[in-house]
There are 6 protein chains.
Amino acid sequence: MISVTRKSHFNAAHRLHNTEWSDEKNDKFYGLCNNKNYHGHNYDLEVTVKGDIDPESGYLVDMKVLSNIIEENICSRFDHKNLNLDTSEFKNLIPTAENIAVVIWSILREKIDKKLELSIRLFETPRNFVEYSG
Amino acid sequence: MISVTRKSHFNAAHRLHNTEWSDEKNDKFYGLCNNKNYHGHNYDLEVTVKGDIDPESGYLVDMKVLSNIIEENICSRFDHKNLNLDTSEFKNLIPTAENIAVVIWSILREKIDKKLELSIRLFETPRNFVEYSG
Amino acid sequence: MISVTRKSHFNAAHRLHNTEWSDEKNDKFYGLCNNKNYHGHNYDLEVTVKGDIDPESGYLVDMKVLSNIIEENICSRFDHKNLNLDTSEFKNLIPTAENIAVVIWSILREKIDKKLELSIRLFETPRNFVEYSG
Amino acid sequence: MISVTRKSHFNAAHRLHNTEWSDEKNDKFYGLCNNKNYHGHNYDLEVTVKGDIDPESGYLVDMKVLSNIIEENICSRFDHKNLNLDTSEFKNLIPTAENIAVVIWSILREKIDKKLELSIRLFETPRNFVEYSG
Amino acid sequence: MISVTRKSHFNAAHRLHNTEWSDEKNDKFYGLCNNKNYHGHNYDLEVTVKGDIDPESGYLVDMKVLSNIIEENICSRFDHKNLNLDTSEFKNLIPTAENIAVVIWSILREKIDKKLELSIRLFETPRNFVEYSG
Amino acid sequence: MISVTRKSHFNAAHRLHNTEWSDEKNDKFYGLCNNKNYHGHNYDLEVTVKGDIDPESGYLVDMKVLSNIIEENICSRFDHKNLNLDTSEFKNLIPTAENIAVVIWSILREKIDKKLELSIRLFETPRNFVEYSG
């Protein structure tokens, strides 16, 4: 088994806010991330697939195909968007890095060959990242 | 003459929109950056001061003092903010990377010893940055 | 299960020297790292915790809380220190990257919720790092 | 168990071409990577070994020894080479990142103490990498 | 005056060889870079333009337009190519990093508004780069 | 005119202390950097030379020769050393980043062809650096 990882990126605005909590609790819990006017990040995404090398082509997966899947399903969906307002995925889900990672994984899991294990790493900033593999 | 550079960072949301243009012109010119619900970036900031080494201390400038000036005047002002809505500087100025760089330089120029030359480099993403020195 | 990683850093001096070996053996084995007057590094630390997302907050862990734990227990203890002379942990333990990683993990393990798996990555230089997960 | 990772690098030319396929199929499948005159990369290699710390030295492995093994067996073999033409390993094996990773792992596996687990990460570009652990 | 920089990249093979020198002199002077079967690099390119901010748009230059100019004139020309064999520019010019930088600058100078100063930085590896501004 | 830059690195311990000041003043002014037992850094060094391309070789300077000059005169002198105790240069000069940069520049200026302009950039940490060009 071998794994191949492809990096991509998108820029988005978001706000962390639990609508079932009071404004005071949101402010205390999420701090600056609760700013009602949103803030934003350059999200760096690493998508890793794991499986067996195809002996004929020498590829685990065609990196260009993988790159296109990521571009069409993730980057074009989230890039230059307000995650809270512009996307259906985060209408009722708080766009923490953890939740964004799970959403991205779930979208990609539908698009990538089931024979391949899938995991992702999402950098919210260069100083913190989340990893999820289902 | 020697220069010393200090890196810092802030995360913010913004939107590029000229209120004197039609929505069509804004959309055509700024593209995705015109998204009415904002998007965001991790801004990385490099502040450079240039001058003569103080022979007694061996410092051009105390890096901790410089770091505090940047933190108090730039990061605390812009971090986790919506540049268009939450800051007075961009109420009537479009927050392009170029304009943000000029604003940061102007704020810091007031706070840093006039004997020192000042220049800044602002990364909007890891793939593009702006430099300004007055 | 999801994991969240936070990066931090500290700068320290150290010397690799086994007091039970002769000076010749120390010099031959550790080479430049045995320099009796110490040398130093910028240590970059990545702390990873793994567990379940809290569905209410969307957090695995509050990154700010995690960051404070690292700052108070690791960075303030080791930053700008001589690991051999200034810290109790390395009075009788050789401060190799491996041993530093184990010490950091053990300190953090006491401070981080036992429900969370803990692992760390410690860069001694940008070209070599150590990983430990208990 | 602890792991230690060492980074190194080599620059090489290669071409992806399956001699059992028609030129049309090669061109369609490998795209630009099939260019008959070769193209090239700065390959960044991370070699990770895992095992127990030697309590006497505080080392899992002497990083200098590990570095020399990588230099002598991998870098000096592949650096500034055309992988297809200049190396015996890829005379009959397509030098995809996946195959290069497996070859490097197999070479190193022979040279590194069997008590240590071995895995490698090979960056073909800063945007894509392969991981293999046997 | 402000400057804006955009990063891009291409992967290519090359060989350093002066056809007017003997093979012995080429081998002695260029060393491994003279390998007759070529080697290669991931070239990272930074293109910087300098001028005045347009007060209406807040842009010095539209980064997307600049990015497209670089893509169409540089990356599509050199990416996944053998610089010596596949490009007219290096048929009779040795593709050292210095010469590649001058060629890239000259191509871009024709395509970028003459009111803007132009300079480029070309990384041949993460450890060495060339800068040229005409 | 074109410039070529080469990166290298060394790891060292140091202490900032002015022997003509009281301990109190040193502690207040230099803070943690005054720690009497030293601390340390991974210093990253970029050496830039500027001049005309030799039309025959296509080189401004042979990077391998430049790299050897840096290795022999800077890295082998400072790597794994205590700058205060192990080097003649900082016996009576406080090893601030600024002073280290001036010392490195002065050493290299003697060894590099006078036709070439010389400048250096020294990173004390990934977050701060100094530039000097004589």
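Quick caveat, the model's predicted, so the values are computed rather than measured.

Peer 1: Account for the interface of chain D and chain C, naming residues and giving values.
Peer 2: Each partner contributes residues to the interface: chain D has 17 residues there, and chain C has 20 residues. On inspection of chain D and its partner chain C, the count reaches one salt bridge. Note that C:Lys25 and D:Glu56 form a salt bridge whose closest N and O atoms lie 3.9 Å from each other. Bridge count between strand S5 (residues 128-132) of chain C and strand S1 (residues 2-14) of chain D: five bridges; the pairing is antiparallel. Counterpart to C:Asn128 in the pairing with S1(D) is D:Arg6.

Peer 1: Could you give an account of unusual backbone geometry, naming the residues involved and the relevant values?
Peer 2: The phi dihedral of A:His80 is positive, around 60°, even though this residue is not glycine. Owing to a relative accessible area of 10%, A:His80 belongs among the buried residues under this scheme.

Peer 1: Can you tell me about the packing of helix H2 (residues 63-78) of chain D against helix H4 (residues 97-111) of chain D, naming the residues and giving the values?
Peer 2: Residue and element names in this part refer to chain D. Where H2 meets H4, the axes come as close as 10 Å, and the angle between the chain directions of the two elements is 145°. As for how H2 packs across H4, the hand of that crossing is right-handed. Here H2 contributes Ile69, Ile70, Asn73, Ile74, Arg77 and Phe78 to the contact with H4, which in turn contributes Val103, Ile104, Ile107, Leu108 and Lys111. When its residues are assigned to classes, the contact of H2 with H4 shows eight nonpolar, one polar and two charged.

Peer 1: So what's going on with the relation of the copies chain C and chain F? Which residues, and what values?
Peer 2: One copy of the chain maps onto the second through a rotation around an axis plus a translation along that axis. If you rotate chain C by 180° and push it 0.0 Å along the axis, it lands on chain F with an RMSD of 0.0 Å. Considering both components of the superposition, the chain copies are consistent with a two-fold axis. Counting the interface residues of chain C, we find that 96% of their copies in chain F are interface residues as well, pointing to one common contact surface.

Peer 1: Requested: an account of the relation of the copies chain D and chain C, with residues and values cited.
Peer 2: Mapping chain D onto chain C is achieved by rotating through 120° and translating by 0.0 Å along the same axis, at an RMSD of 0.0 Å. Look at the turn and shift together and you get a three-fold axis relating the two. If distances are taken from each C-alpha of chain D to the rotation axis, the shortest is found for D:Pro126, at 8.7 Å.

Peer 1: Which residues make up the pairing of strand S4 (residues 117-125) of chain A, and what values go with them?
Peer 2: Residue and element names in this part refer to chain A. Extensive coverage of S4 is indicated by the burial of seven of its nine residues. Of the strand pairs in this sheet, strand S2 (residues 39-51) and S4 are connected by seven bridges, and their pairing is antiparallel. Bridge pairing in S4 links Asp44 to Phe123. Sheet topology note: the S4/strand S5 (residues 128-132) ladder contains five bridges and is antiparallel. The residue bridging Leu122 from the neighbouring strand is Val130, located in S5. Two successive antiparallel strands, S4 and S5, enclose a turn made up of two residues.

Peer 1: Give a description of the confidence of the model for chain A that names residues and reports values.
Peer 2: Per-chain confidence: chain A averages 98 in pLDDT, with 100% of residues scoring 70 or above. Here the predicted complex carries an ipTM of 0.95, next to a pTM of 0.97.

Peer 1: Summarise the interface of chain C and chain F; cite the residues concerned and give the values.
Peer 2: It is common to give the size of an interface as the accessible area lost on bringing the parts into contact. Each partner contributes residues to the interface: chain C has 24 residues there, and chain F has 23 residues. Here chain C meets chain F over a buried area of about 1,900 Å², counting both sides, of which 49% is carbon and sulfur. Among the residues of chain C in contact with chain F, C:Asn37, C:Asn42 and C:His80 are the three that bury the most area, contributing 31% of the side total. The interface formed by chain C and chain F contains 19 residue pairs in polar contact (both at pLDDT 80 or more). At the level of secondary structure, the elements contributing two or more residues to the side of chain C that touches chain F comprise strand S1 (2-14), strand S2 (39-51), strand S3 (81-82), helix H3 (83-86) and strand S4 (117-125) of chain C. The greatest single-element share of the side of chain C that touches chain F, amounting to five residues, is contributed by S2(C). Among the residues forming the side of chain C that touches chain F, the class breakdown is seven nonpolar, eleven polar and six charged.

Peer 1: An account of the pairing of S1(D) is needed here, citing residue identities and associated values.
Peer 2: All names here are of chain D. In terms of burial, S1 is a largely internal element, eleven of the 13 residues being buried. The sheet contact formed by S1 and strand S2 (residues 39-51) spans 13 bridges and is antiparallel. Opposite Lys7, over in S2, you have Glu46 as the bridge partner.

The rules behind the values
Residues numbered from 1 in each chain as written. Chains lettered and ligands numbered in written order. Predicted model: local features only at pLDDT ≥ 70, side-chain atom pairs only at ≥ 80, totals over all residues. Heavy atoms only, no water. Contact = heavy atoms within 4.5 Å. Salt bridge = Lys/Arg side-chain N within 4 Å of Asp/Glu carboxyl O. Pairing = 2+ DSSP bridges. Helix = DSSP H or I, 4+ residues; strand = E, 2+ residues; numbered from the N terminus. Buried < 20%, exposed > 50% of the residue type's maximum accessible area, 1.4 Å probe, protein only. Axes fitted to C-alpha atoms, helices over the stretch in contact; angles between N-to-C directions. Left-handed = near helix turned anticlockwise from the far one by under 90°. Nonpolar A, V, L, I, M, F, W, Y, C, P; charged D, E, K, R; others polar. Least-squares fit on C-alpha atoms with pLDDT ≥ 70 in both. pLDDT = per-residue confidence, 0-100. Buried area = accessible area lost by both parts, 1.4 Å probe. Polar contact = N/O pair within 3.5 Å; in protein donor to acceptor, adjacent residues only side chain to side chain.

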